[in-house]
Amino acid sequence: MGYENLSERKKLILKAIVEAHIDGGEPVGSKYIMQNNLLSCSSATIRNEMAELEQLGYLVQPHTSAGRVPSEAGYRFYVDALVEQYARTTHEVVQINQLLRAKMNELDQLLDTASRLASTMTNYTGIAIKPRSNSVTMSKFEIIPIDQNNFAMVMISVGGTVKTKKVKTIDRIPDGALERLSRLFNSELCGLGADMITLPIIMRLETEMGDAAFLVNPAVKCVYEVMSEIDSGEMKLSGINHLLKYPEYADTEEFGRLLGTLESQEEILDLVSTAQNDDINVLIGSESSVKVMNNSSLVFTPIKKDGRTVGVIGVLGPRRMNYKQVLKTLGDIGESISLIMDDDKQLTDGNKKEDNNGGK
């Protein structure tokens, strides 16, 4: 569909219908547009324009109602071309900054607070996500002997996560084998993602280990497991009860399926982890790959630090959500988090410089 082919009058009518339906949840007719002085033309002209918008796929006429509701394409057009800037008060902006700065010490707390804030300010369900990065690598391995058939592997990721795993072997561990294994893992596997630790690399490690080659496979298995654990992602929800206010979620069976998907997290984590847009993402109804969200919209924005996505905040609500309010809220929160992270980085860098100067 070409947005440029719509006349200004059709755009005004579509905008009026979308916003009226967002507010009331009911089909909107030409009478409403006339009564609210939204357009200076006859009721018959408005009805004709609405019929054409329906033929173009932007409106839907439910049952025998005289009014129309927006289709997914209508909401998408509204978000892409018609939504206006939401006016936020200075007090609200100050509140956002104060609440977020109070939680700036821990990323998890910062994202959780941002999610709760987004939920409170929009009356939808807030989402805080630590997404899968698909690029976990290790910076250091330490292998510690326990007894003749057991050793511990301490693995430190590039992101600073520390994991320890115990490894049991069938055969007795030869003297000096664990020191060799540690040196090999640090020289050969640091900086490699799971997909880069291939069979030829494993075979080369086994050759290098000689009579202790049997240690390589269980140790590499531990590395795979830890990388998967670190990269599993995590999602927290705030204000799930807000959804119950909307008639779109009145079907308890359908709502239960949605809750089940949110609780399992897997599909949502996949969805946000593969998002290409570095700005605010808007997924309306069936645009999402998650089937149970056909009557919902998911709006989310990545939080970046040093060019890397460290988290995602968003809101979930009905397709008729107040997009201009949601877009503005997530934009403001995302901007505040970025400023906090920049200030924190500058403060840390400044302290390092002072320490260096003081040591001269």
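Residues numbered from 1 in each chain as written. Predicted model: local features only at pLDDT ≥ 70, side-chain atom pairs only at ≥ 80, totals over all residues. Heavy atoms only, no water.

*Asks:* Help me understand the overall build of the protein, please; the structure alone is not making it clear to me.
*Replies:* For the protein, the helix and strand inventory stands at 12 helices and 10 strands. In the protein, which comprises 360 residues, the share counted as buried stands at 44%. (Helix = DSSP H or I, 4+ residues; strand = E, 2+ residues; numbered from the N terminus. Buried < 20%, exposed > 50% of the residue type's maximum accessible area, 1.4 Å probe, protein only.)

*Asks:* Can you walk me through the pairing of strand 6 (residues 162-168) in this structure?
*Replies:* Note on strand geometry: in a regular strand, side chains alternate between the two faces of the sheet. Bridging between strand 5 (residues 150-157) and strand 6 involves seven bridges; their strand directions are antiparallel. When the sheet's bridge partners are listed, Ile156 is paired in strand 6 with Val162. The loop that links strand 5 with its antiparallel partner strand 6 comprises four residues; one of these, Gly160, has a positive phi angle of about 100 degrees. (Pairing = 2+ DSSP bridges.)

*Asks:* Sorry, what's going on with the confidence of the model for the protein here?
*Replies:* Where the model shows low pLDDT, its predicted coordinates should not be examined in detail. Averaged over every residue, the pLDDT of the protein is 84; the share at 70 or more is 85%. Across the protein, helix 7 (residues 177-188) holds the top mean pLDDT of 95, while helix 5 (residues 90-101) sits lowest at 64. (pLDDT = per-residue confidence, 0-100.)

*Asks:* Help me understand the packing of aromatic side chains, please; the structure alone is not making it clear to me.
*Replies:* For any pair of aromatic rings, geometry is given as the distance between the ring centres together with the angle between the planes. One pass over the structure, following the stated rule, counts six aromatic pairs. Taking the centre distance of 5.5 Å and the plane angle of 85 degrees together, the rings of Phe141 and Phe185 count as edge-to-face. In this pair, Phe141 is assigned in strand 4 (residues 138-147) and Phe185 in helix 7, connecting sequence segments 44 residues apart. Residue classification places Phe141 among the buried positions, given a relative accessible area of 2%. Grouping aromatic residues by their ring pairs yields a cluster made of Tyr75, Tyr78 and Tyr323. (Phe/Tyr/Trp six-rings, centres within 6.5 Å; stacked < 30°, edge-to-face > 60°.)

*Asks:* What am I meant to see in the pattern of salt bridges here?
*Replies:* Side-chain pairing between opposite charges can occur once the charged atoms of the two side chains come close. Across all of its chains, the model carries 20 salt bridges by this definition. Of the charged contacts in the structure, one is a salt bridge between Asp175 and Arg172, with a shortest N-O distance of 3.9 Å. Residue class for Asp175 comes out exposed when judged on its relative accessible area of 70%. According to the relative accessible area criterion, Arg172 is partly exposed, its value standing at 45%. Salt bridges linked by common partners bring Arg9, Lys10, Glu49 and Glu52 together as one network. (Salt bridge = Lys/Arg side-chain N within 4 Å of Asp/Glu carboxyl O.)

*Asks:* Would you mind going over the sheet that holds strand 4 with me for this structure?
*Replies:* Working definition: the strands of a sheet are paired by backbone hydrogen bonds and lie parallel or antiparallel to each other. Judged by pairing direction, the sheet is antiparallel, and its three strands sit side by side in the order 4-5-6 without closing on themselves. The open sheet terminates on both sides in strands that have one partner only, identified here as strand 4 and strand 6. Averaged over all pairs of adjacent strands, the angle between strand axes in this sheet comes to 20 degrees, irrespective of strand direction. Against the sheet, helix 7 contacts strand 4 and strand 5, and its axis sits at roughly 170 degrees relative to strand 4. (Axes fitted to C-alpha atoms, helices over the stretch in contact; angles between N-to-C directions. Contact = heavy atoms within 4.5 Å.)

*Asks:* Any chance you could explain the sheet that holds strand 8 (residues 281-284) here in plain terms?
*Replies:* The strand order 7-3-10-9-8 describes an open sheet built from five strands, whose pairing is antiparallel. Of all the strands in the sheet, the pair left with one neighbour each is strand 7 (234-238) and strand 8. Along the sheet, successive strands turn relative to each other by an average axial angle of 20 degrees, direction set aside. Of the pairings in the sheet, the one linking strand 9 (residues 296-305) to strand 10 (residues 308-318) comprises 10 bridges and is antiparallel in character. Paired with Ser296 across the bridge in strand 10 is Pro318. Across the sheet, helix 11 (residues 266-273) lies against strand 3 (125-130), strand 7, strand 8 and strand 9, angled at about 70 degrees from strand 3, the strand it touches most.

*Asks:* Help me understand the environment of Lys15, please; the structure alone is not making it clear to me.
*Replies:* Relative to the elements of secondary structure, Lys15 occurs in helix 1 (residues 8-24). Owing to a relative accessible area of 15%, Lys15 belongs among the buried residues under this scheme. For the pair Lys15 and Tyr78, spaced 63 residues apart in sequence, the C-alpha separation works out to 6.6 Å. Excluding residues that lie within four positions of it along the chain, Lys15 makes contacts with Tyr78, Leu82 and Glu84.

*Asks:* What am I meant to see in the pairing of strand 4 here?
*Replies:* Bridging between strand 4 and strand 5 involves eight bridges; their strand directions are antiparallel. Counterpart to Ile143 in the pairing with strand 5 is Met153.

*Asks:* Can you help me understand the side chain of Asn322 in this one?
*Replies:* Among the structural elements, Asn322 can be located in the loop between strand 10 and helix 12 (323-358). A residue is classified by how much of its surface remains accessible, and Asn322, at 18% relative accessible area, is buried. The residues contacting Asn322, other than those within four sequence positions of it, are Ile22 and Tyr124.

*Asks:* Sorry, what's going on with unusual backbone geometry here?
*Replies:* Comment: phi is negative for the bulk of residues other than glycine, and the bulk of peptide bonds are trans. Not every positive phi belongs to a glycine, and Asn123 is a case in point at roughly 65 degrees. Within the fold, Asn123 resides in the loop between helix 6 (107-122) and strand 3. Phi at Gln265 is positive, roughly 75 degrees, even though this residue is not glycine. Inspection of the secondary structure puts Gln265 in the loop between helix 10 (252-264) and helix 11.

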